[in-house]
Amino acid sequence: MAISYIGLSKLDELEKFTIKKLSERSYKKIERYIKNPLVRLNIKKQKIGGNRHRISLNATATGSNARFSSVADEWDIAIATHKVFDRLQREIRHKIKV
C-alpha cells in the first residue's frame with residue numbers, strides 16, 4: 001500500500017488506528033479506478049477552544065497520468081476520513097468517467 005501520512009504524530013493512538021483502518025479500506029476502493037495509486041494524506045489537528053479539536057484532512061491521489069485531491073474538515077476524525085475519501089473517489093469517477 002502506498003499511503004503516506006503527514007501529521008500523524010500529532011494524533012493519539014486511537015485516532016491513529018481509526019485513520020489508518022479507514023484509509024486502508026478506502027485505498028482498496030481507489031485502487032479499482034487507478035493502478036498503483038500513491039495516496040498522500042495531510043492531517044491537521046486544530047484546537048479551536050475547550051476540549052474539542054477540529055480535524056482537517058487533505059487527500060491527494062496520484063495515478064499514472066493524473067492527480068486528484070479532496071479536502072474535508074470535521075470535528076470527528078472518522079467522519080472527516082470518510083468525507084475526504086468519498087470526495088476523492090467521486091472526483092476520480094467523474095474525471096475518468098467510470
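Residues numbered from 1 in each chain as written. Predicted model: local features only at pLDDT ≥ 70, side-chain atom pairs only at ≥ 80, totals over all residues. Heavy atoms only, no water.

## Some points on the overall build of the protein chain
(1) Moving on: A tally of helices and strands in the protein chain yields two helices and four strands.
(2) Moving on: When its helices and strands are written in sequence order, the protein chain yields β-α-β-β-β-α.
(3) Moving on: Compactness check: the protein chain gives a C-alpha radius of gyration of 13 Å against a globular reference of 13 Å for 98 residues, within 12% of the reference.
(4) Moving on: Within the span of the protein chain, comprising 98 residues, buried residues form 38% of the whole.
(5) Moving on: Long-range contacts, defined here as pairs at least 24 residues apart, represent 44% of the contacts in the protein chain between residues at least 6 apart.
(6) Moving on: Carbon together with sulfur atoms contributes 47% to the accessible area of the protein chain, which is approximately 6200 Å² in total.
(7) Moving on: Both charge centroids of the protein chain, one from 22 positive and one from 10 negative side chains, sit 5 Å from each other. (Helix = DSSP H or I, 4+ residues; strand = E, 2+ residues; numbered from the N terminus. Rg over C-alpha atoms; globule rule 2.2 N^0.38 Å. Buried < 20%, exposed > 50% of the residue type's maximum accessible area, 1.4 Å probe, protein only. Contact = heavy atoms within 4.5 Å. Areas by Shrake-Rupley, 256 points an atom, 1.4 Å probe, with all protein chains shown as cover. Lys, Arg positive; Asp, Glu negative; His and termini not counted. Charge placed at Lys NZ, Arg CZ, Asp CG, Glu CD.)

## Focus on the environment of F85
(1) Moving on: By the element assignment, F85 lies in helix α2 (residues 77-96).
(2) Moving on: Along the backbone, F85 and A59 are 26 residues apart, and their C-alpha atoms lie at a distance of 7.3 Å.
(3) Moving on: Ignoring sequence-local partners within four residues, the contact set of F85 consists of S23, S26, I30, V39 and L41.

## A look at the confidence of the model for the protein chain
(1) Moving on: Across the protein chain, the average pLDDT comes to 91, with 98% of residues at or above 70.
(2) Moving on: Mean pLDDT per element in the protein chain: strand β2 (residues 38-49) is the minimum at 89, and strand β4 (residues 67-74) is the maximum at 95. (pLDDT = per-residue confidence, 0-100.)

## Section: the packing of aromatic side chains
(1) Moving on: Throughout the structure, instances matching the rule amount to zero aromatic pairs.
(2) Moving on: Over the ring of W75 we find R52; its NZ or CZ atom is 4.2 Å from the centre of that ring.
(3) Moving on: A cation sits over an aromatic face here: R54 above W75, 5.3 Å from the ring centre. (Phe/Tyr/Trp six-rings, centres within 6.5 Å; stacked < 30°, edge-to-face > 60°. Lys NZ or Arg CZ within 6 Å of the ring centre and 35° of its normal.)

## Let's talk about a positive patch on the surface
(1) Moving on: Residues K21, R25, K28, K29 and R32 make up a contiguous surface patch of positive charge.
(2) Moving on: Structurally, K29 is set in helix α1 (residues 13-31). (Patch = residues over 30% accessible without salt bridge, like charges linked within 9 Å, V, L, I, M, F, W, Y side chains within 5 Å. Salt bridge = Lys/Arg side-chain N within 4 Å of Asp/Glu carboxyl O.)

## Some details on the packing of α1 against α2
(1) Moving on: Contact pair α1 / α2: the axes reach a minimum separation of 10 Å and the direction vectors enclose 15°. With respect to their mutual orientation, α1 and α2 come out roughly parallel. You can see that α1 and α2 cross each other, and the crossing is right-handed. Of α2, the residues touching α1 (which contributes E15, T18, I19, L22, S23, S26, K29 and I30) are I77, A78, T81, H82, F85, L88, Q89 and I92. (Axes fitted to C-alpha atoms, helices over the stretch in contact; angles between N-to-C directions. Parallel < 35°, antiparallel > 145°, perpendicular 65-115°, else oblique. Left-handed = near helix turned anticlockwise from the far one by under 90°.)

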